[in-house]
Amino acid sequence: MANQERDGQTPAVYDVAIIGSGPAGYTAAIYAARANLRTVLLQGEQIGGQLMITSDVENYPGFIDPILGPDLMDRFEQQAARFGTELVPRDITRVDFAHRPFRLWAGDDDDAPVYQADAVIIATGAGAIWLGLEGETRLQGRGVSGCATCDGPFFQGRALAVVGGGDTAMEEALFLTRYAASVTLIHRRDHFRASKIMQERVRNHPKITIRFDTVVEHVLGEHAVEGIRVRNVKTGAEETMEVGGLFVAIGHKPNTEIFRGVLDMDARGYLITHHHTMTSVPGVFAAGDVVDHRYRQAVTAAGEGCRAAIDAERWLESQGEVEPGDVVDPRVYGGLRPLQ
Ligand code: FAD
Ligand code: NAP
C-alpha cells in the first residue's frame, strides 16, 4: 500500500526507505525494521534481485546443501516482512534528496505514488553486461554465466570459454582453471586492456588458450551449452568450438541512472560512499553491488545492507526531530563531520 493511501492526502513519512530487494536491500530492511524504524522497501522490477536468475547457490553461509537462488531470496523477503517492513513492488523513477524528508517517485505521471522518508538506503544492485545473443539469454544458468566465483565449481573437467579483455575476464579465466579441463579466452581485439600482471598470468597458464580478434556469434545447445560459433574479425573465418560453458566477462553496469547528478559516483556509475556507507548526501546510504564492483557476492551485499541500516539508524538518532522541509544538516553523523 502506497504511503499516501494510508493517510489520505498527506503522505506518511517513513524513517527509512530502502530501494532494491536483493540481498543488500532485504538485509537492510531486516535490521531497520527490527530496530523499530518505520521501514518501506521498494522492490523494483526484479523482485529478489540477481539471485532470482540463478539455480544452485552453494556459497551463502548457513546452508550446508545448495539452495536455489529464488528460494534463498524468498527467505530474505519473509524475514524482512516478519519484522514489519512494508514491501512495495514498485520501481523508483525519480528522487529528491535536496530536503528532508527525502522523496521517491514510483512513476513519471503527475499522480505517481510518492514515498517520503528521513533516511534512504540505496540497494539497486548492478547487472552483468551481456553480448546480446539469443542463445546467451536462453541458456543463462544452463552453461552461460556472468560469475565464475558463483558458477565455476559446477563445471568440473569441462572445456570452457571466457569472453572479454579486461581484468575481470583475466580473473575469471584464471579462476576457472581450478575446475575446467581447458579455458579459451576470447577477445574481440588483438590486445587486452587488462593490467600487465594479469595478462602475464593468463599468458603463462598452461590451461588457458587465447583467441584474439575473435567474436562469439552464436551460443549452441538446446537445453545446455554445447558449443559456440566464433568468427575471426580479421580473416572472417568461422569455427564451432565445443565448450560446456560460456562465461561473459565484458563488464558490469550499476543501476544508478536515477541518481546521476544527485549523488557522487565514479566514472562507471558506481555510487561512492564517503563515510562508512553514507553517500555524498547525508542521510542517504548505499549498499551492495551498486557500490561494490570488487566482490559482487550475495554475502558481501547482505553484509553491506546490515552496515547501511545500522548507519542509518545511528544517523537518524543523531538528527533528533526533523520537520518536513528542513534542509539536511550534513554536520552531525555519530560524532563524524563528514561533509561540509
Ligand atoms: P541485486 O541482487 O542486484 O538487487 C538489486 C535490486 O534493486 C533488485 O531487486 C532490483 O529490482 C532493484 N532495483 C534496481 N533499480 C531499482 C529502482 N529504480 N527502483 C526500485 N528497485 C530497483 N553471489 C553469490 O554470493 N553466490 C552465487 O552463487 C551467486 N550466483 C550468481 C548468479 C548469477 C546468474 C548472478 C547474476 C549473480 C550471482 N551472484 C552470486 C551475485 C549476487 O547475486 C549479487 O552479488 C547480489 O545479488 C547483489 O545484491 P544486491 O542486493 O546488491 O543487488
Ligand atoms: P573493462 O575493463 O571495461 O573491460 C571490458 C572488456 O570487455 C574489454 O576488453 C572490452 O573490449 C570487452 N567488451 C566490452 N563489450 C564487449 C562486447 N560487446 N563484445 C566483446 N567484448 C566486449 O571491464 P572489467 O574487466 O569488468 O573491469 C572493470 C574495472 O575493474 C577495470 O578498471 C578493471 O581494471 C577493474 N578490475 C580490476 C581487477 C583487479 O585488479 N584484480 C579485477 C577485475 C576488475 P575492448 O578492450 O575491445 O573494449
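Residues numbered from 1 in each chain as written. Chains lettered and ligands numbered in written order. Predicted model: local features only at pLDDT ≥ 70, side-chain atom pairs only at ≥ 80, totals over all residues. Heavy atoms only, no water.

Draft legend 1. A look at the side chain of Gln319. In this structure, Gln319 sits in helix H8 (residues 298–319). Overall, Gln319 belongs to the buried group, its relative accessible area being 14%. Engagement of the side chain of Gln319 in a polar contact is seen with the side chain of Arg100, the distance being 3.4 Å. (Helix = DSSP H or I, 4+ residues; strand = E, 2+ residues; numbered from the N terminus. Buried < 20%, exposed > 50% of the residue type's maximum accessible area, 1.4 Å probe, protein only. Polar contact = N/O pair within 3.5 Å; in protein donor to acceptor, adjacent residues only side chain to side chain.)

Draft legend 2. Broad picture of the packing of helix H2 (residues 23–34) against H8. Direction vectors running N to C along H2 and H8 enclose 35°, while the axes themselves pass 7 Å from each other. Our pair here, H2 against H8, has a crossing hand that is right-handed. Taking contact as the criterion, the partners of Pro23, Ala24, Thr27, Ala28, Tyr31 and Ala32 in H2 are, on H8, Ala298, Ala301, Ala302, Gly305, Cys306, Ala309 and Ile310. In terms of residue class, the contact of H2 with H8 is built from 11 nonpolar, two polar and no charged. (Axes fitted to C-alpha atoms, helices over the stretch in contact; angles between N-to-C directions. Left-handed = near helix turned anticlockwise from the far one by under 90°. Contact = heavy atoms within 4.5 Å. Nonpolar A, V, L, I, M, F, W, Y, C, P; charged D, E, K, R; others polar.)

Draft legend 3. Representation of the environment of His99. Positionally, His99 belongs in the loop between strand S6 (94–96) and strand S7 (102–105). Residues His99 and Val114, spaced 15 residues apart in sequence, show a C-alpha to C-alpha distance of 14 Å.

Draft legend 4. Inspection of the packing of aromatic side chains at higher detail. By the definition in use, this model includes eight aromatic pairs. Ring geometry for Phe285 against Trp315: centres 6.3 Å apart, planes inclined by 70°, an arrangement best described as edge-to-face. Taken as a pair, Phe285 in strand S19 (residues 284–286) and Trp315 in helix H8 lie far apart in primary sequence, 30 residues in all. Through successive ring pairs, a cluster of aromatic residues spans Tyr60, Phe63 and Phe76. The aromatic ring of Trp105 is capped on one face by Arg94, whose charged end is 4.0 Å from the ring centroid. (Phe/Tyr/Trp six-rings, centres within 6.5 Å; stacked < 30°, edge-to-face > 60°. Lys NZ or Arg CZ within 6 Å of the ring centre and 35° of its normal.)

Draft legend 5. Summary view of the sheet that holds strand S11 (residues 159–163). Strand order in the open sheet formed by five strands is S10-S17-S11-S12-S13, with parallel pairing between adjacent strands. A strand with exactly one partner marks an edge of an open sheet, and here the two such strands are strand S10 (144–145) and strand S13 (208–211). Its contacts with the sheet place helix H6 (residues 167–176) against S11, strand S12 (182–186), S13 and strand S17 (245–248), and it is angled at close to 170° to S11. (Pairing = 2+ DSSP bridges.)

Draft legend 6. The state of the cysteines, seen in detail. Counted by the stated rule, this structure contains one disulfide. Residue Cys147 pairs covalently with Cys150 via a disulfide, S to S 2.0 Å. Across the S-S bond linking Cys147 and Cys150, the dihedral sits near 70°, which makes this disulfide right-handed. For Cys147, a relative accessible area of 17% puts it in the buried group. (Disulfide = S-S within 2.5 Å.)

No statement about biological role is implied by the geometric values presented.
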